[in-house]
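Given next are the chains, with one letter for each unit.
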Amino acid sequence: MKVAICPGSFDPVTLGHVDIIERAADIFDEVIVLVMSNSTKKVSLFTIEERIGLLEKCLDKPNVKIDTHSGLLVDYAKSKNAVAIVKGLRAVSDFDYEFQQALTNKSLYPECETVFLCARGDNMFLSSSMVKEVCSLGGDITSFVPASIADIIYKRCKGDK
Ligand code: ADP
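The structure contained in this document is the topic of the report that follows. (Residues numbered from 1 in each chain as written. Predicted model: local features only at pLDDT ≥ 70, side-chain atom pairs only at ≥ 80, totals over all residues. Heavy atoms only, no water.)

1. Considering the sheet that holds strand β4 (residues 84-89)
The condition that has to hold: A pair of strands is considered paired only if DSSP assigns at least 2 bridges between the two. Helix and strand assignments follow DSSP, with helices taken as H or I runs no shorter than four residues and strands as E runs no shorter than two, numbered in order from the N terminus. Lines fitted to the C-alpha atoms define the axes, with helices restricted to the stretch that makes contact. Angles between their N-to-C directions range from 0 to 180 degrees.
Read across the sheet, 5 strands follow the order β3-β2-β1-β4-β5 without closing on themselves; strand pairing throughout is parallel. Two strands in the sheet have a free side with no partner beyond their single neighbour: β3 (64-69) and β5 (113-118). Looking at each pair of strands side by side, their axes are set apart by 30° on average, direction ignored. With 6 bridges joining them, strand β2 (residues 30-36) and β3 adopt parallel strand pairing.

Rendered as structure tokens:
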């Protein structure tokens, strides 16, 4: 069975993430969406458990699982015998950092390939930070996040629980 991992912060999950995860699920037997908790991004809008809850509301393919990890990504990948780490690539600006990460992960765990899927054109400028910024300034986020979670994000950005 070919297992792939889609790692990220998902704070919160966007339509860009969902697109990459669903496309990965069409290619691999099993996809694990891995909510990483050791991100360098200090301030988060949602806790790890809340992010997992939001992902559960947006993902319904039977071969997609959700998990969390706070250590090295390759250690998790090894523990699952994963053959690939799947990342979404937006603009050229993603490339330098992603390339460094891919080479590092390859040297730590050569059996696992990093696979890049190109973002859809309409998701090219979409990021969790952009969603948070638009939302906190009162903008419409319905074309950026799955409909099932838009209200939860609005409430949190307004400062509600
Ligand atoms: P990180 O905190 O590691 O940057 P994110 O949660 O922002 O993680 O993103 C997780 C993964 O999803 C990354 O591979 C990122 O490139 C990809 N991604 C984020 N936004 C989009 C998008 N709009 N379209 C395609 N891929 C995306």
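Picking up after the structure, the text goes on.
2. Structural notes on unusual backbone geometry
Along the chain, Asp11 connects to Pro12 via a cis peptide bond; the corresponding omega equals 0°. Along the chain, Pro12 falls in the loop between β1 (3-8) and α1 (15-27). At Phe10, a position not held by glycine, the phi torsion is positive, near 50°. In this fold, Phe10 is placed in the loop between β1 and α1.

3. Some words on the packing of helix α5 (residues 128-136) against helix α6 (residues 147-157)
So the rule is basically this: Each crossing is labelled by how the near helix is turned from the far one, with a counterclockwise turn of less than a right angle marking it left-handed and a clockwise turn marking it right-handed. Throughout, a residue-residue contact means that at least one pair of heavy atoms, one from each residue, lies within 4.5 Å. Amino acid classes used here: Ala, Val, Leu, Ile, Met, Phe, Trp, Tyr, Cys and Pro are nonpolar; Asp, Glu, Lys and Arg are charged; the rest, including Gly, are polar.
Taken N-terminus to C-terminus, the directions of α5 and α6 make an angle of 65°; their axes are 9 Å apart at the nearest point. Helix-helix and strand crossings are classified by hand; for α5 and α6 the assignment is right-handed. Two secondary-structure elements touch here, α5 through Val131, Lys132, Cys135 and Ser136 and α6 through Ile153, Tyr154 and Cys157. Taken together, the residues that form the contact of α5 with α6 break down as 5 nonpolar, 1 polar and 1 charged.

4. A short note on the environment of Leu89
Note that Leu89 resides in strand β4. Sequence separation between Leu89 and Glu133 is 44 residues; the distance between their C-alpha atoms is 21 Å. Ignoring sequence-local partners within four residues, the contact set of Leu89 consists of Asp94, Phe95, Glu98, Phe116, Leu117, Cys118 and Ala119.

5. Focus: the nonpolar core
As a reminder of what qualifies: For the purposes of this section, nonpolar cores are sets of buried Ala, Val, Leu, Ile, Met, Phe, Trp, Tyr and Cys residues that join through side-chain atoms within 4.5 Å. Accessible area is worked out with a 1.4 Å probe on protein chains only. A residue is then buried under 20% of its type maximum, exposed over 50%, and partly exposed in between.
In terms of nonpolar packing, the biggest core is built from 33 residues, with Ile21, Val31, Val33, Leu55, Leu59, Val86 and Ile153 touching the most fellow members. Looking at this core, the elements with two or more residues in it are β1, α1, β2, α2 (48-58), β4, α5 and α6. Other than its neighbours up to four places away in sequence, Leu59 contacts Val18, Ile21, Val33, Val64 and Ile66. Of all hydrophobic cores here, the second largest spans 13 residues; its members include Val74, Tyr76, Ala82 and Ile85.

6. Side note on α5
Note the following rule: Each C-beta atom gives one direction from the helix axis, and the arc is the one those directions make.
When α5 is considered as a whole, its buried residues turn out to be Ser128, Val131 and Cys135. Considered in projection along α5, the buried side chains sweep an arc of 60° and stay on one side of the axis. One or two positions beyond α5, positive phi appears at Gly138, with a value near 85°.

7. Comments concerning the pattern of salt bridges
Here the idea is simple: oppositely charged side chains can pair when their charged atoms come close. In plain terms, the rule: Salt bridges are defined as contacts in which a side-chain nitrogen from Lys or Arg sits within 4 Å of a carboxyl oxygen from Asp or Glu.
Within the structure shown, the criterion is met by 9 salt bridges. Residue Glu50 is joined to Arg156 by a salt bridge in which the shortest nitrogen-to-oxygen separation is 2.9 Å. Highlighted residues: Glu50 in helix α2 and Arg156 in helix α6, separated in sequence by 106 residues. Linking Glu113 and Lys106 is a salt bridge whose minimum nitrogen-to-oxygen distance equals 2.8 Å. Of the residues examined, Glu113 reaches a relative accessible area of 41% and is grouped as partly exposed. By relative accessible area, Lys106 is classed as partly exposed at 30%.

8. Some points on the packing of aromatic side chains
Counted only if it meets this: Only Phe, Tyr and Trp rings take part, Trp by its six-membered ring, and two of them pair if their centres are within 6.5 Å. Stacked means planes under 30 degrees apart, edge-to-face means over 60, and tilted covers everything else.
For the structure on display, the rule yields 1 aromatic pair. Pairing Phe95 with Phe99 gives two aromatic rings, centres 5.1 Å apart and planes at 20°, and the pair type is stacked. Taken together, the positions of Phe95 and Phe99, both in helix α4 (residues 92-108) and 4 residues apart, correspond to about one turn of that helix.

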